[in-house]
Amino acid sequence: MAKKMEEYKWQDLNAGCVIDEPGNSLQYKTGEWRILRPLTDYSKCTKCGLCWLFCPDNAMRPKEDGFFASHPDYCKGCGICAQECKFEAIKMVEDKK
Amino acid sequence: MKILKTLEKYMEDPSLELVASGHRACQGCAEVLALRMAFKVLGKNTIVAMATGCMEIISTPLPITCWRLPWIHVAFENTAAVASGIESAIRILMAKGKIDKKWINVVGVAGDGGTSDIGLQALSGALERGHRLIYICLDNEAYMNTGVQRSSSTPYGASTTTSPPGKKSIGQSTWKKDMPKIAVAHNIPYVATACPSYPFDLFNKLKKAKEKDGPSYIHILSVCPTGWRIPSEMAIEYGRLAVRCGMFPLYEVEDGVYKMTFKPDTLIPVEEYIKGQGRFRHLTEKEIKEIQQRVNSEWEKLNKLCEITKP
Ligand SMILES: Cc1ncc(C[n+]2csc(CCOP(=O)(O)OP(=O)(O)O)c2C)c(N)n1
Ligand code: SF4
Ligand code: SF4
Ligand code: SF4
Ligand SMILES: [Mg+2]
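Reading guide: rules and limits
- For every chain, the first residue of the written sequence is number 1, and numbering continues from 1 along that sequence.
- All chains are assigned letters beginning at A, and all ligands numbers beginning at 1, according to the order in which they are written.
- Local features in this predicted model are restricted to residues whose pLDDT is 70 or higher, and side-chain atom pairs enter the listing and the counts only when it is 80 or higher, whereas totals over whole chains, interfaces and linings include all residues.
- By convention in this description, side-chain values take in all heavy atoms of the structure and omit both hydrogens and water.
- Helical segments are the DSSP runs of H or I of at least four residues, strand segments are the runs of E of at least two, and each set is numbered from the N terminus.
- Just to be clear, the radius of gyration here is over C-alpha atoms, and the globule rule we use is 2.2 Å times residues to the power 0.38.
- Any residue under 20% of the maximum accessible area for its type is buried, any over 50% is exposed, and the rest in between are partly exposed; the area is computed with a 1.4 Å probe on protein chains only.
- We call two residues in contact when some of their heavy atoms are within 4.5 Å.
- Each accessible area value is a Shrake-Rupley result obtained with a 1.4 Å probe; residue values ignore everything except the protein chains displayed when judging cover.
- In the analysis that follows, any N or O atom pair within 3.5 Å is treated as a polar contact, provided that within protein one partner can donate a hydrogen and the other can accept it, and provided that, for residues neighboring in sequence, both atoms belong to side chains.
- Atoms are scored as donors when they are N, O or S and lie within 2.8 Å of the metal, with 3.2 Å used for Na, K and Ca; no water is included, so coordination may look incomplete.
- Two parts lose some accessible area (1.4 Å probe) when they are put together, and adding that loss for both gives the buried area.
- Put simply, a salt bridge is a Lys or Arg side-chain nitrogen that is within 4 Å of an Asp or Glu carboxyl oxygen.
- To estimate how far a helix should extend, the number of its residues minus one is multiplied by 1.5 Å.
- Note on definitions. A residue lies near a molecule or strand when any single heavy atom of the residue is within 4 Å of it.
- Residue type decides the class: Asp, Glu, Lys and Arg count as charged, Ala, Val, Leu, Ile, Met, Phe, Trp, Tyr, Cys and Pro as nonpolar, and the leftover types, Gly among them, as polar.
- Each pair of strands is called paired provided DSSP finds at least two bridges between the two strands.
- Between the N-to-C directions of two axes lies an angle of 0 to 180 degrees, each axis being a line fitted to C-alpha atoms and, for a helix, fitted only over the stretch in contact.

**Considerations on the overall build of chain A**
Then, in step 1: Per the secondary structure count, chain A includes two helices and four strands.
Then, in step 2: Going from the N terminus to the C terminus, chain A shows its helices and strands as β-α-β-β-α-β.
Then, in step 3: A compact globule built from 97 residues should have a C-alpha radius of gyration of about 13 Å, whereas chain A, at 17 Å, is more than 25% larger.
Then, in step 4: The principal-axis extent of the C-alpha atoms belonging to chain A is close to 55 × 25 × 20 Å.
Then, in step 5: Taken across its 97 residues, chain A has 38% of its residues classed as buried.
Then, in step 6: Nonlocal contacts in chain A, meaning residues at least 24 apart in sequence, comprise 59% of its contacts between residues at least 6 apart.
Then, in step 7: If you sum the accessible surface of chain A, you get close to 5700 Å²; carbon and sulfur atoms cover 54% of it.

See below:
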């Protein structure tokens, strides 16, 4: 989207409040909410993908090597991935941003 | 990715994310997770009508949206009416040859407040008229978006801002409205309960709903850490406990035939589900026992329905 949300004036909105850029929420970086971040011990990871499946923010994403890593822009640090990993491969650690 | 291969059984493209990151749901919100999972199955060829509620507010603060689908925000009362209109329009456009004859999924989504209280009349009309649509109720057991007010889907004993516990109040004083059975009473092709803590069960049910040539009603228990007063990382686990203690059984009703889709060998005590949730913190042993008895009798009834309706 051309402009940031804060820069929008009502005159800039489309008729009928139509949003013509699907998924433009990507510009909103929810990673800023985070206090803890997931840290994966890849020696314990079986690449099962449960952390990816259960992430409410689609912030746990596959890497080229088949492992998963949390996306710093979107991970809110909820801790679900660490809680749900059957192999205890993920620990929540303080996020020093 | 191994898991993508497994998911191909349920959906065309498991890597597709139709609910983009950057939405504003609370940390650990299983309601938005329910959407993420459901729309993976429904796929790109889908139109959504959604009532106000958490998922509308967190997904689409104008001029931003996390939806990658045609999506319309409707009033609280008329999700199912708008979805009916969309479905009828699609049929007419197809009949007139103005669009391809490839079916487009029409989905209505609302919270428990938007479904079991405010949108019930429109929903009943849509189910009765037999539109080919999928109605999803995201049940987080209160009006969460406006700060946790009780709905008719709030469980007995739960504390909300409008059912506060005290010397003369247990909290919510009524038993949870049985929305799925109300849907069943319309004799529609498909009704199911689901929970994102059981993803494959949820995928299966949405896949079935998608294939029905008539209305489907999917009732999804959506754990809300904020309103239930539980730690954010526990959202999936509490969904599991709700199912395993029998408070929220996973079942489906296909053409009137009831079937449990996940049947624990033995139910865990409801106490294991209740304890640890801030909204139930005030409950006494006696009150928990009362809830246990109710869960037992509902569980038995459901099992009987499965037996009786078996073809
Ligand atoms: C007619 C009407 N009444 C009240 C509201 C205010 N309101 C907006 S969202 C909401 C709560 C929605 O609760 P629910 O449907 O359970 O969805 P949840 O937020 O829990 O996901 C309320 C009361 C409104 N938008 N319209
Ligand atoms: S859930 Fe655990 S084992 Fe599975 S992919 Fe994620 S980190 Fe690896
Ligand atoms: S901490 Fe929560 S938001 Fe971050 S990757 Fe894990 S599940 Fe996703
Ligand atoms: S209040 Fe509950 S349902 Fe609403 S966004 Fe927060 S966690 Fe999700
Ligand atoms: Mg609700």
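**A short note on the side chain of S84 of chain B**
All names here are of chain B.
Then, in step 1: Counting through the fold element by element, S84 comes out in helix α4 (residues 79-95).
Then, in step 2: For S84, a relative accessible area of 2% corresponds to the buried category.
Then, in step 3: Of note is the side chain of S84, whose polar atom sits 2.6 Å from the backbone oxygen of A80.
Then, in step 4: Among the polar contacts listed, one links the side chain of S84 to the side chain of R129, at a separation of 3.1 Å.
Then, in step 5: Apart from the residues within four sequence positions on either side, S84 is in contact with A126, R129, H131 and L133.

**Thoughts on the coordination of the magnesium ion (ligand 5)**
Residue and element names in this part refer to chain B.
Then, in step 1: Every protein donor of the magnesium ion (ligand 5) is accounted for by D112 (OD), N140 (OD1) and A142 (O), and the metal-donor separations fall at 2.0 to 2.1 Å.
Then, in step 2: Sequence positions of the residues that donate to the magnesium ion (ligand 5) give the spacing D-x27-N-x1-A. With a gap of 30 residues between them, D112 in helix α5 (residues 112-117) and A142 in the loop between β4 (134-139) and α7 (179-184) connect regions that are remote in the sequence. Assigned by exposure class, D112 and A142 land together as buried.

**Here we look at the interface of chain A and chain B**
Then, in step 1: Of the residues lining the interface, 38 residues belong to chain A; the matching set on chain B comes to 42 residues.
Then, in step 2: With both sides pooled, the region where chain A packs onto chain B buries about 3400 Å², and carbon together with sulfur makes up 65% of that total.
Then, in step 3: Its largest share of buried area at the contact with chain B, chain A owes to M5, W52 and L53 of chain A, together 19% of the area lost on that side.
Then, in step 4: At the junction of chain A and chain B, the tally comes to one salt bridge.

**Things to note about helix α2 (residues 30-42) of chain B**
Then, in step 1: Over its 13 residues, α2 of chain B extends 18 Å from the first C-alpha to the last, a length consistent with the 18 Å expected when each residue adds 1.5 Å.
Then, in step 2: In terms of burial, α2 of chain B is largely enclosed, as 13 of its 13 residues are buried.

**Overview of the site of ligand 4**
Then, in step 1: Taken together, the neighbourhood of ligand 4 is formed by A25, C26, C29, E31, C54, N140, M144, C224, P225 and T226 of chain B.
Then, in step 2: Tallied by class, the residues present in the shell around ligand 4 amount to seven nonpolar, two polar and one charged.

**Structural notes on the site of ligand 1**
Residue and element names in this part refer to chain B.
Then, in step 1: As a structural note, the neighbourhood of ligand 1 is formed by 16 residues, with E31, C54, D112, G113 and G114 the closest of them.
Then, in step 2: In the model, an oxygen atom of ligand 1 is placed 2.9 Å from a nitrogen or oxygen of the D112 side chain.
Then, in step 3: Between M144 and ligand 1, the recorded distance is 3.0 Å, taken from a backbone N or O atom to an oxygen atom.
Then, in step 4: Against a free-state accessible area of 590 Å², the protein chains account for coverage of 73% of ligand 1.
Then, in step 5: The residue makeup of the shell around ligand 1, split by class, is five nonpolar, eight polar and three charged.

**Brief notes about the sheet that holds strand β2 (residues 71-73) of chain B**
All names here are of chain B.
Then, in step 1: Read across the open sheet, the eight strands follow the order β2-β1-β3-β4-β6-β5-β7-β8; overall the sheet is mixed. Strands with a single pairing partner mark the edges of an open sheet, and in this sheet they are β2 and β8 (257-262). Between one strand and the next, the sheet's axes are offset by a mean angle of 15 degrees, whatever the strand orientation.
Then, in step 2: Direction of pairing for β4 relative to strand β6 (residues 216-221): parallel, over a ladder of six bridges. Bridged to I134 within β6 is S216.

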